[in-house]
Each structure stands twice: as structure tokens, then as C-alpha cells.
Amino acid sequence: MQKNTPNIAKNESGIKRLPRAILCSLKGYQAAWRYESGFRQYAVIAALLSPASLYIAQSLTHWFILIGCLLFLLFAELLNTAVEAISDATTPEYNELIGRAKDVGSAGVFTAILFAVLVWGLSIYQFFA
């Protein structure tokens, strides 16, 4: 369990805020890796596919799209994880609105998966065609 420390990032402004904001973001990545198997799975997939993108990409723009859809998937999973964490912290009992929020978050991840499969599938097809 994490210590309850105040979020002092809000108290700073400008460039002074940046180091604390980066630290909070790194803690977020660490928590997602530690507690979310979905994030770990998608991160491993992204790590494995990233080198392949250098061979498959037909241009720099194409490479950015291949990498971008993997990052979009990780982004969607991070947001879904945040929704689930705040929902679970709110109440242990079933709540229709919380259930709906979790389902919508899951749908966001599924949309990102479909996008990645479409982009990568088409790119691989074009590479071997």
C-alpha cells in the first residue's frame, strides 16, 4: 500500500512543476505495470512490435502511425485503469453508474485494440504483398 503523501504538483507553476509532474507520471506507469495485467500485456506487445515497425514501415509517416497506434493502446489502458481504480475506491458495492463507467472504459480499450489490429494487419499485408 502506498503512503498518503500530498500532491504538491498543484502548488507549483511553470517550469518548477515539471519535475514533480514527471515523477507522478513515472509512479503512474509503475502502478499500472504492478497492478494491471492488461497494461503489462499491451506493453510487452508494444515492445515486441516496435522493432518490427522499422521493417514494415514504408515511410517515416507510416512508422509514426504504427508506433502511434501502440501508444494509443497503452494510453487507453492507462485511462481505463484509472477509471477502475477510482471506481473501486469509491464503493465496494455494485453501483450501476460505476459499472457503466467501467464498461465504457473497457470499450475504449477495445476500440484502441481494433485500431491497432487494423493498422498493423493492413501494414503487414502490404509488406508481404
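Residues numbered from 1 in each chain as written. Predicted model: local features only at pLDDT ≥ 70, side-chain atom pairs only at ≥ 80, totals over all residues. Heavy atoms only, no water.

Student: Describe the nonpolar core, listing the residues and the values that go with them.
Tutor: In this structure, Leu66, Leu74 and Trp120 are the most contacted members of the largest nonpolar core, which totals 18 residues. For this core, the secondary-structure elements that each account for two or more residues are helix H2 (37-56), helix H3 (60-90) and helix H4 (96-128). With six residues, the top contributor of residues to this core is H3. (Core = buried A, V, L, I, M, F, W, Y, C linked by side-chain atoms within 4.5 Å. Buried < 20%, exposed > 50% of the residue type's maximum accessible area, 1.4 Å probe, protein only. Helix = DSSP H or I, 4+ residues; strand = E, 2+ residues; numbered from the N terminus.)

Student: I'd love a proper account of the packing of H3 against H4, names of residues and values included.
Tutor: Where H3 contacts H4, the axes come no closer than 9 Å and their chain directions differ by 165 degrees. As judged from the angle between their axes, H3 and H4 are roughly antiparallel. Note that H3 runs across H4; the crossing there is left-handed. (Axes fitted to C-alpha atoms, helices over the stretch in contact; angles between N-to-C directions. Parallel < 35°, antiparallel > 145°, perpendicular 65-115°, else oblique. Left-handed = near helix turned anticlockwise from the far one by under 90°.)

Student: Could you give me a rundown of the packing of H2 against H4, with the residues and numbers involved?
Tutor: Axis separation between H2 and H4 bottoms out at 12 Å; the angle between their running directions is 30 degrees. As judged from the angle between their axes, H2 and H4 are roughly parallel. Seen from above, H2 lies across H4 with left-handed handedness. Along the contact surface, H2 presents Tyr42, Leu49, Ala52, Ser53, Tyr55 and Ile56, while H4 presents Val109, Ile113, Trp120, Ser123, Ile124 and Phe127. (Contact = heavy atoms within 4.5 Å.)

Student: Quick rundown of the packing of aromatic side chains? Include the residues and the values.
Tutor: Counted by the stated rule, this structure contains three aromatic pairs. Between Trp63 and Phe64, the aromatic rings sit 5.2 Å apart at their centres with planes inclined by 70 degrees, giving edge-to-face as the arrangement. Between the aromatic rings of Phe72 and Phe115, the centroid separation amounts to 6.3 Å while the plane-to-plane angle is 90 degrees, which identifies the pairing as edge-to-face. Here Phe115 lies in helix H4 and Phe72 lies in helix H3, a separation of 43 residues in the sequence. Assessed through its relative accessible area of 38%, Phe72 is described here as partly exposed. A relative accessible area of 37% places Phe115 in the partly exposed class. (Phe/Tyr/Trp six-rings, centres within 6.5 Å; stacked < 30°, edge-to-face > 60°.)

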